[in-house]
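# Topology and contacts: notes
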Amino acid sequence: MAHISIIGTGNMGSAIAGLVTKGGNTVEVFSSSDTGKPVTGDIVVLAVPHGAVPAILAERADQLAGKVVVDITNPLNFETFDSLNVPADSSAAADIARALPQSRVLKAFNTNFAATLVSGAVGSLPTTVLIAGDDADAKALLAGVITTGGLRAVDAGALSRARELEAIGFLQLTLAAGEKIAWTGGFGVVA
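Computed from a prediction, not measured in an experiment: that's the story for all the values here.

Conventions we followed
- Residues numbered from 1 in each chain as written.
- Predicted model: local features only at pLDDT ≥ 70, side-chain atom pairs only at ≥ 80, totals over all residues.
- Heavy atoms only, no water.
- Salt bridge = Lys/Arg side-chain N within 4 Å of Asp/Glu carboxyl O.
- Helix = DSSP H or I, 4+ residues; strand = E, 2+ residues; numbered from the N terminus.
- Buried < 20%, exposed > 50% of the residue type's maximum accessible area, 1.4 Å probe, protein only.
- Pairing = 2+ DSSP bridges.
- Axes fitted to C-alpha atoms, helices over the stretch in contact; angles between N-to-C directions.
- Contact = heavy atoms within 4.5 Å.
- Phe/Tyr/Trp six-rings, centres within 6.5 Å; stacked < 30°, edge-to-face > 60°.
- Patch = residues over 30% accessible without salt bridge, like charges linked within 9 Å, V, L, I, M, F, W, Y side chains within 5 Å.
- Areas by Shrake-Rupley, 256 points an atom, 1.4 Å probe, with all protein chains shown as cover.
- Expected span 1.5 Å × (residues − 1).
- Core = buried A, V, L, I, M, F, W, Y, C linked by side-chain atoms within 4.5 Å.

## A few points about the pattern of salt bridges
Tallying each qualifying case throughout the model produces seven salt bridges. Close ionic contact of Arg104 with Asp135 constitutes a salt bridge, the shortest N to O distance being 3.4 Å. You can see Arg104 sitting in strand 5 (residues 104-108) and its partner Asp135 sitting in the loop between strand 8 (128-133) and helix 5 (136-148), a full 31 residues away along the chain. With a closest N to O distance of 2.9 Å, Lys139 and Asp155 form a salt bridge. Residue Lys139 is located in helix 5, and its partner Asp155 is located in strand 9 (residues 152-157); the two are separated by 16 residues in the primary sequence. A relative accessible area of 10% places Lys139 in the buried class. Each of Asp71, Lys107 and Glu166 takes part in salt bridges that share partners, so that together they form one network.

## Looking at the sheet that holds strand 5
The strand order across the open sheet formed by seven strands is 2-1-3-4-5-8-9, and the pairing between neighbours is mixed. In the strand order of this sheet, the two ends are held by strand 2 (26-30) and strand 9, each with one partner. Between one strand and the next, the sheet's axes are offset by a mean angle of 25°, whatever the strand orientation. Along the sheet, helix 1 (residues 11-22) makes contact with strand 1 (3-7), strand 2 and strand 3 (43-46), crossing strand 2 at roughly 165°.

## Examining the packing of aromatic side chains
A complete count under the given rule lists one aromatic pair for this structure. Ring geometry for Phe113 versus Trp183: centroids 5.0 Å apart, planes at 55°, classification tilted. With Phe113 in the loop between strand 5 and helix 4 (114-119) and Trp183 in the segment after helix 6 (162-177), this residue pair connects regions lying 70 residues apart in the sequence. Residue class for Phe113 comes out buried when judged on its relative accessible area of 6%.

## Some thoughts on a nonpolar patch on the surface
Taken together, the side chains of Ile168, Leu171 and Phe187 present a nonpolar region at the surface, about 240 Å² in accessible area. Positionally, Leu171 belongs in helix 6.

## A short note on helix 6
End to end, helix 6 covers 22 Å across 16 residues, agreeing with the expected 22 Å (1.5 Å per residue, within 8%). Within the sequence span of helix 6, burial applies to Ala162, Arg163, Leu165, Glu166, Gly169, Phe170, Gln172, Leu173 and Ala176. As for helix 6, its buried residues are in contact with strand 4 (68-71), helix 3 (92-99), strand 5, strand 8 and strand 9. Glu179 lies just past helix 6 and shows a positive phi near 60°.

## Observations concerning the nonpolar core
In terms of nonpolar packing, the biggest core is built from 28 residues, with Ile16, Val45, Val70, Phe109 and Leu142 touching the most fellow members. Where this core is concerned, the elements lending two or more residues are strand 1, helix 1, strand 3, strand 4, strand 5, helix 4, strand 8 and helix 5. With six residues, the single largest contributor to this core is helix 1. Leaving out residues up to four positions away in the same chain, Val70 has contacts with Ile43, Val44, Val45, Leu46, Leu106, Ala108, Phe109 and Leu142. Formed by 17 residues, the second largest nonpolar core is a distinct cluster that contains Val39, Val44, Val53 and Leu100.

Below, the structure written as C-alpha coordinates:
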(Lines give C-alpha, C1' and ligand atoms only; values in the text may rest on other atoms or scores of the structure.)
Protein backbone atom coordinates (compact mmCIF):
# COMPACT_ATOMS: atom_id res chain seq x y z
CA MET A 1 0.00 0.00 0.00
CA ALA A 2 1.05 3.57 -0.62
CA HIS A 3 1.15 6.54 1.73
CA ILE A 4 -0.13 9.73 0.11
CA SER A 5 0.23 13.34 1.26
CA ILE A 6 -2.39 15.75 -0.04
CA ILE A 7 -1.62 19.44 0.15
CA GLY A 8 -5.01 21.14 -0.01
CA THR A 9 -8.28 20.71 1.82
CA GLY A 10 -10.80 21.80 -0.83
CA ASN A 11 -13.27 19.64 -2.74
CA MET A 12 -10.61 18.00 -4.88
CA GLY A 13 -8.31 17.30 -1.93
CA SER A 14 -11.19 15.71 -0.03
CA ALA A 15 -12.31 13.67 -3.04
CA ILE A 16 -8.78 12.37 -3.68
CA ALA A 17 -8.34 11.57 0.03
CA GLY A 18 -11.55 9.51 -0.10
CA LEU A 19 -10.33 7.67 -3.19
CA VAL A 20 -6.99 6.92 -1.53
CA THR A 21 -8.49 5.51 1.66
CA LYS A 22 -11.19 3.58 -0.25
CA GLY A 23 -8.37 1.62 -1.85
CA GLY A 24 -6.76 0.81 1.51
CA ASN A 25 -3.92 3.31 1.18
CA THR A 26 -3.06 5.82 3.88
CA VAL A 27 -3.39 9.57 3.52
CA GLU A 28 -2.32 12.70 5.35
CA VAL A 29 -3.92 16.02 4.45
CA PHE A 30 -2.21 19.39 4.81
CA SER A 31 -4.01 22.71 5.15
CA SER A 32 -2.38 26.09 4.58
CA SER A 33 -1.71 26.34 8.33
CA ASP A 34 0.37 23.12 8.39
CA THR A 35 3.56 24.83 7.26
CA GLY A 36 5.74 23.21 9.92
CA LYS A 37 4.38 19.69 9.43
CA PRO A 38 6.72 17.54 7.29
CA VAL A 39 5.46 15.80 4.16
CA THR A 40 5.95 12.03 4.55
CA GLY A 41 3.96 10.53 1.66
CA ASP A 42 5.50 8.53 -1.18
CA ILE A 43 3.08 10.41 -3.43
CA VAL A 44 2.37 14.10 -2.84
CA VAL A 45 -0.75 15.57 -4.47
CA LEU A 46 -0.83 19.33 -4.99
CA ALA A 47 -4.60 19.84 -4.63
CA VAL A 48 -4.43 23.63 -4.55
CA PRO A 49 -5.14 26.44 -7.00
CA HIS A 50 -2.38 26.97 -9.54
CA GLY A 51 -1.44 30.31 -7.96
CA ALA A 52 -0.61 28.61 -4.64
CA VAL A 53 1.96 26.23 -6.13
CA PRO A 54 5.04 28.54 -6.15
CA ALA A 55 4.80 29.20 -2.39
CA ILE A 56 4.42 25.47 -1.68
CA LEU A 57 7.43 24.64 -3.84
CA ALA A 58 9.51 27.37 -2.17
CA GLU A 59 8.58 26.07 1.28
CA ARG A 60 8.74 22.32 0.66
CA ALA A 61 11.11 21.65 -2.27
CA ASP A 62 13.56 19.74 -0.09
CA GLN A 63 10.73 17.56 1.32
CA LEU A 64 9.49 16.77 -2.21
CA ALA A 65 12.86 15.50 -3.47
CA GLY A 66 12.66 11.82 -4.40
CA LYS A 67 8.85 11.78 -4.21
CA VAL A 68 6.14 11.41 -6.84
CA VAL A 69 4.53 14.86 -7.08
CA VAL A 70 1.09 15.03 -8.70
CA ASP A 71 -0.02 18.35 -10.19
CA ILE A 72 -3.81 18.56 -10.44
CA THR A 73 -3.98 22.27 -11.28
CA ASN A 74 -5.58 23.94 -14.24
CA PRO A 75 -3.57 27.12 -14.78
CA LEU A 76 -6.37 29.23 -16.15
CA ASN A 77 -7.01 32.89 -15.78
CA PHE A 78 -9.89 32.86 -13.27
CA GLU A 79 -10.50 36.59 -13.74
CA THR A 80 -11.34 36.34 -17.44
CA PHE A 81 -11.88 32.57 -17.87
CA ASP A 82 -10.48 32.93 -21.39
CA SER A 83 -6.90 31.61 -21.35
CA LEU A 84 -4.33 29.43 -19.68
CA ASN A 85 -1.63 31.19 -17.62
CA VAL A 86 1.30 29.26 -19.11
CA PRO A 87 3.09 29.64 -22.45
CA ALA A 88 1.51 27.79 -25.39
CA ASP A 89 4.46 25.37 -25.56
CA SER A 90 4.49 24.49 -21.86
CA SER A 91 2.30 23.52 -18.91
CA ALA A 92 1.95 24.04 -15.16
CA ALA A 93 3.26 20.50 -14.67
CA ALA A 94 6.37 21.28 -16.75
CA ASP A 95 6.99 24.36 -14.59
CA ILE A 96 6.76 22.20 -11.46
CA ALA A 97 9.10 19.59 -12.96
CA ARG A 98 11.69 22.30 -13.69
CA ALA A 99 11.38 23.59 -10.10
CA LEU A 100 11.67 20.05 -8.63
CA PRO A 101 14.37 18.26 -10.66
CA GLN A 102 14.75 15.55 -7.99
CA SER A 103 11.03 14.71 -7.97
CA ARG A 104 9.01 12.59 -10.37
CA VAL A 105 6.25 14.94 -11.51
CA LEU A 106 2.94 13.70 -12.90
CA LYS A 107 -0.14 15.48 -14.21
CA ALA A 108 -3.42 13.86 -13.14
CA PHE A 109 -6.93 14.58 -11.82
CA ASN A 110 -7.14 17.98 -13.57
CA THR A 111 -9.66 16.65 -16.11
CA ASN A 112 -11.95 15.34 -13.35
CA PHE A 113 -14.47 17.14 -11.16
CA ALA A 114 -14.53 16.20 -7.47
CA ALA A 115 -18.08 14.87 -7.75
CA THR A 116 -17.04 12.33 -10.40
CA LEU A 117 -14.15 11.12 -8.25
CA VAL A 118 -16.59 10.53 -5.40
CA SER A 119 -19.40 8.95 -7.45
CA GLY A 120 -17.07 6.93 -9.68
CA ALA A 121 -19.06 7.89 -12.76
CA VAL A 122 -19.30 10.51 -15.48
CA GLY A 123 -22.84 9.99 -16.70
CA SER A 124 -23.07 6.31 -17.56
CA LEU A 125 -19.30 5.91 -17.90
CA PRO A 126 -16.82 5.01 -15.15
CA THR A 127 -14.63 7.90 -14.00
CA THR A 128 -11.24 7.76 -15.69
CA VAL A 129 -8.18 9.62 -14.43
CA LEU A 130 -5.70 10.55 -17.17
CA ILE A 131 -2.05 10.49 -16.08
CA ALA A 132 0.87 12.12 -17.91
CA GLY A 133 4.49 11.83 -16.85
CA ASP A 134 7.97 10.76 -17.86
CA ASP A 135 8.51 8.11 -15.15
CA ALA A 136 6.75 4.79 -15.86
CA ASP A 137 7.13 3.55 -12.28
CA ALA A 138 5.62 6.75 -10.85
CA LYS A 139 2.67 6.49 -13.25
CA ALA A 140 2.15 2.83 -12.34
CA LEU A 141 2.23 3.67 -8.61
CA LEU A 142 -0.41 6.39 -9.01
CA ALA A 143 -2.50 4.23 -11.35
CA GLY A 144 -2.50 1.50 -8.69
CA VAL A 145 -3.82 3.93 -6.08
CA ILE A 146 -6.54 5.06 -8.48
CA THR A 147 -7.65 1.59 -9.54
CA THR A 148 -7.67 0.15 -6.01
CA GLY A 149 -9.93 3.09 -5.15
CA GLY A 150 -12.39 1.90 -7.79
CA LEU A 151 -11.70 4.24 -10.71
CA ARG A 152 -10.02 3.74 -14.06
CA ALA A 153 -6.57 5.13 -14.87
CA VAL A 154 -5.22 5.72 -18.37
CA ASP A 155 -1.61 6.54 -19.22
CA ALA A 156 -1.88 9.70 -21.35
CA GLY A 157 1.81 9.68 -22.29
CA ALA A 158 4.82 11.81 -21.47
CA LEU A 159 4.75 14.87 -19.22
CA SER A 160 4.69 16.94 -22.43
CA ARG A 161 1.03 15.78 -22.78
CA ALA A 162 0.21 17.81 -19.65
CA ARG A 163 -0.42 20.79 -21.93
CA GLU A 164 -3.26 18.95 -23.66
CA LEU A 165 -4.65 17.72 -20.34
CA GLU A 166 -4.64 21.31 -19.09
CA ALA A 167 -6.48 22.42 -22.24
CA ILE A 168 -9.12 19.70 -21.69
CA GLY A 169 -9.44 20.76 -18.05
CA PHE A 170 -9.77 24.39 -19.13
CA LEU A 171 -12.53 23.56 -21.63
CA GLN A 172 -14.40 21.44 -19.11
CA LEU A 173 -14.22 24.18 -16.44
CA THR A 174 -15.45 26.87 -18.83
CA LEU A 175 -18.35 24.66 -19.92
CA ALA A 176 -19.35 24.03 -16.29
CA ALA A 177 -18.96 27.69 -15.32
CA GLY A 178 -21.13 28.61 -18.32
CA GLU A 179 -23.72 26.08 -17.13
CA LYS A 180 -23.43 24.04 -20.34
CA ILE A 181 -22.48 20.92 -18.35
CA ALA A 182 -22.98 20.02 -14.70
CA TRP A 183 -20.22 20.03 -12.07
CA THR A 184 -21.24 16.39 -11.52
CA GLY A 185 -20.51 15.56 -15.18
CA GLY A 186 -17.67 16.25 -17.51
CA PHE A 187 -15.76 14.32 -20.15
CA GLY A 188 -15.78 10.54 -20.11
CA VAL A 189 -13.34 8.11 -21.70
CA VAL A 190 -14.48 5.08 -23.64
CA ALA A 191 -11.68 2.54 -23.89
